[in-house]
Amino acid sequence: MEIVAYGVLSDEEPLLRAAFDKAFAGRHELRCLRLFLDGDTALTTAGHEIVLSGVNDTLDAGVLRTLAAGGTRMIAQRSTGYNNIDLTAARELGVTVARVSSYSPYSVAEFAWTLALAVNRRIVRAAHRTREFDFRLDGLMGRDLRGRTAGVVGTGKIGSAFAAIAHGFGMRLLGWDITENPDCLALGMEYVPRERLFAEADLVSLHVPLLPETHHLVDADALGLMKDDAILVNSSRGGLVDTDALLATLRAGRLTGVGLDVYEEEAGVFFLDKSLEVMTDERLARLMTFSNVLLTSHQAYFTEDAVGQIVRTTVSNIEDYLAGRSGDNTLVAAT
Ligand SMILES: NC(=O)c1ccc[n+]([C@@H]2O[C@H](COP(=O)([O-])OP(=O)(O)OC[C@H]3O[C@@H](n4cnc5c(N)ncnc54)[C@H](O)[C@@H]3O)[C@@H](O)[C@H]2O)c1
């Protein structure tokens, strides 16, 4: 059969094809589309039992109904997060959903640090200047990390990898999570109430999943608690941060800077070339006007290692589905 993959990136396609051919050569074909899956494109899945999706595809109840009516019986999501998929609707429609529950947490943790370091040491401004042969240091002063406090919000796989790097820098570690991670405790992390973490941290990095309970976790109150010269990094999900509250904070001249790899309204924008269009998202446009905001388009996971693991696990999830098995990666096992 033909299996169709949506939102496939050019760097990802060879890795996806290699993993697919290794498992299914001569049995199933793979069609890779650059197109994202949403209400406008859902009909293009017609006749495909297995559909591969990604973080910026929209699989709400309406889209899933269209997929199910066209014969789709399995969604293989190529990411850990699945907040873009209505699992209740999938269950009702009898559509199996699997994800990649784990892959290199170092890809994301190292990228969160890339943002934190670049914001702290004004790397983007410095690089723009030297490219123009402007070698002044005015406005480029950063701060030593050693002895300062890192606040890790969510201390699972990525949060703990982030904490280990912070520990390497000689930082004091504060954590907030619903469960304490022994690896973080071994690094000397102190688990504290969320308010205390926001108030005491010089660097706050977000690593909890986006859930109804974590939506807008960083709101006006949380931002109000943060030190004026703190740095905020979000490499988890855009919906964790109330963008309007963040804009108000930045407009007030508070925070040293912000590193964002995710944005509340990133679907339909991130992963696409929008450079020749008018930017209609006022909040995204406003964010880009702050020289202390560094924004990347959901690329934290994008290493050869992580993407290699993601595509191999996705293929094995398809093998499980075809064999009638379910496992740790199965979110909905349709009967
Ligand atoms: N930017 C990217 O490319 C990228 C890539 C992968 C993952 N992510 C994001 O990173 C997140 C974390 O990934 P992970 O692999 O570390 O997941 P994980 O499951 O290992 O860790 C998540 C942690 O959050 C905690 N948590 C869950 N619900 C909570 C709540 N209501 N309140 C407080 N803590 C809560 C859990 O106890 C756990 O320790 C993912 O959910 C995803 O949104 C982003």
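Residues numbered from 1 in each chain as written. Predicted model: local features only at pLDDT ≥ 70, side-chain atom pairs only at ≥ 80, totals over all residues. Heavy atoms only, no water.

**Student:** Can you walk me through the overall build of the chain in this structure?
**Tutor:** Broken down by element type, the chain carries twelve helices and 13 strands. Taken over the C-alpha trace, the chain has a radius of gyration of 21 Å; the compact-globule value for 335 residues is 20 Å, and the two agree within 12%. Dimensions along the principal axes, computed over C-alpha positions, put the chain at roughly 60 × 50 × 35 Å. Residues classed as buried in the chain amount to 51% of the 335 residues present. Considering only intrachain contacts with a sequence separation of at least 6, the fraction spanning at least 24 residues in the chain is 67%. Of the accessible surface of the chain, which amounts to about 15,700 Å², a share of 52% is contributed by carbon and sulfur atoms. Distance between charge centres in the chain, computed from 32 positive and 45 negative side chains, equals 4 Å. (Helix = DSSP H or I, 4+ residues; strand = E, 2+ residues; numbered from the N terminus. Rg over C-alpha atoms; globule rule 2.2 N^0.38 Å. Buried < 20%, exposed > 50% of the residue type's maximum accessible area, 1.4 Å probe, protein only. Contact = heavy atoms within 4.5 Å. Areas by Shrake-Rupley, 256 points an atom, 1.4 Å probe, with all protein chains shown as cover. Lys, Arg positive; Asp, Glu negative; His and termini not counted. Charge placed at Lys NZ, Arg CZ, Asp CG, Glu CD.)

**Student:** Looking at this model, I keep getting lost on the pairing of strand β1 (residues 2–5). Mind explaining?
**Tutor:** Moving residue by residue along a regular strand, the side chains alternate between the two faces of the sheet. Sheet topology note: the β1/strand β2 (residues 29–32) ladder contains four bridges and is parallel. Bridging from a neighbouring strand, alanine 5 pairs with cysteine 32 of β2. The parallel pair β1 and β2, bridged by helix α1 (residues 13–24), forms a crossover whose chirality is right-handed. Bridge analysis of β1 against strand β3 (residues 50–53) gives two bridges, and the strand direction is parallel. (Pairing = 2+ DSSP bridges. Right-handed = clockwise from strand over helix to strand, strands pointing away.)

**Student:** Explain the sheet that holds strand β6 (residues 149–153) here, please?
**Tutor:** Sheets are built from strands paired through backbone hydrogen bonds, the pairs being either parallel or antiparallel. Ordered in space as β8-β7-β6-β9-β10-β11-β12, the seven strands form an open sheet in which the pairing is parallel. The open sheet has two free edges, formed respectively by β8 (190–191) and β12 (293–295), since each of these has just one partner strand. The pairing of strand β7 (residues 172–176) with β8 spans two bridges and is classified as parallel. For glycine 175, the partnering residue across the bridge sits in β8 and is tyrosine 191. Packing of helix α6 (residues 157–168) onto the sheet brings it into contact with β6, β7 and β9 (203–206), and relative to β6 it is tilted by some 175°. (Axes fitted to C-alpha atoms, helices over the stretch in contact; angles between N-to-C directions.)

**Student:** Which parts of the structure should I look at to understand the packing of aromatic side chains?
**Tutor:** Both the distance between ring centres and the angle between the ring planes are used here to describe each pair of aromatic rings. Within the structure shown, the criterion is met by six aromatic pairs. The aromatic ring of tryptophan 176 is capped on one face by arginine 194, whose charged end is 5.1 Å from the ring centroid. (Phe/Tyr/Trp six-rings, centres within 6.5 Å; stacked < 30°, edge-to-face > 60°. Lys NZ or Arg CZ within 6 Å of the ring centre and 35° of its normal.)

**Student:** Hey, could you run me through the environment of aspartate 221 in this one?
**Tutor:** Relative to the assigned elements, aspartate 221 resides in helix α9 (residues 220–225). Residue classification places aspartate 221 among the exposed positions, given a relative accessible area of 59%. Considering only alpha carbons, one finds aspartate 221 and phenylalanine 198, 23 residues apart in sequence, at a separation of 9.8 Å.

**Student:** I keep staring at helix α12 (residues 304–322) and nothing clicks. Help me out?
**Tutor:** Helical geometry note: an α-helix holds 3.6 residues per turn, so side chains three or four residues apart project in the same direction. The terminal C-alpha atoms of α12, which comprises 19 residues, lie 27 Å apart, in line with the 27 Å expected from a rise of 1.5 Å per residue. All buried positions along α12 are accounted for by Ala306, Val307, Gly308, Ile310, Val311, Thr313, Thr314, Val315, Asn317, Ile318 and Tyr321. Looking at the buried side of α12, the elements it contacts are β1, α1, β3, β4 (74–77), β5 (96–98) and α4 (105–120). Two residues or fewer past α12, glycine 324 is found with a positive phi of approximately 75°. (Expected span 1.5 Å × (residues − 1).)

**Student:** In this structure, what is going on with the nonpolar core? I would like to understand it.
**Tutor:** A general tendency of soluble globular proteins is for nonpolar side chains to be buried together. Counting 52 residues, the largest nonpolar core has Leu16, Leu30, Leu52, Trp113, Leu203 and Ile318 as its most contacted members. The leading source of residues in this core is α4, at nine residues. Mapped onto the domain boundaries, this core takes at least three residues apiece from domain 1 (2–103 + 304–332) and domain 2 (105–295). Counting 33 residues, the second-largest nonpolar core is a separate cluster that includes Ala201, Leu206, Val241 and Leu246. (Core = buried A, V, L, I, M, F, W, Y, C linked by side-chain atoms within 4.5 Å. Domains from an automatic or database assignment.)

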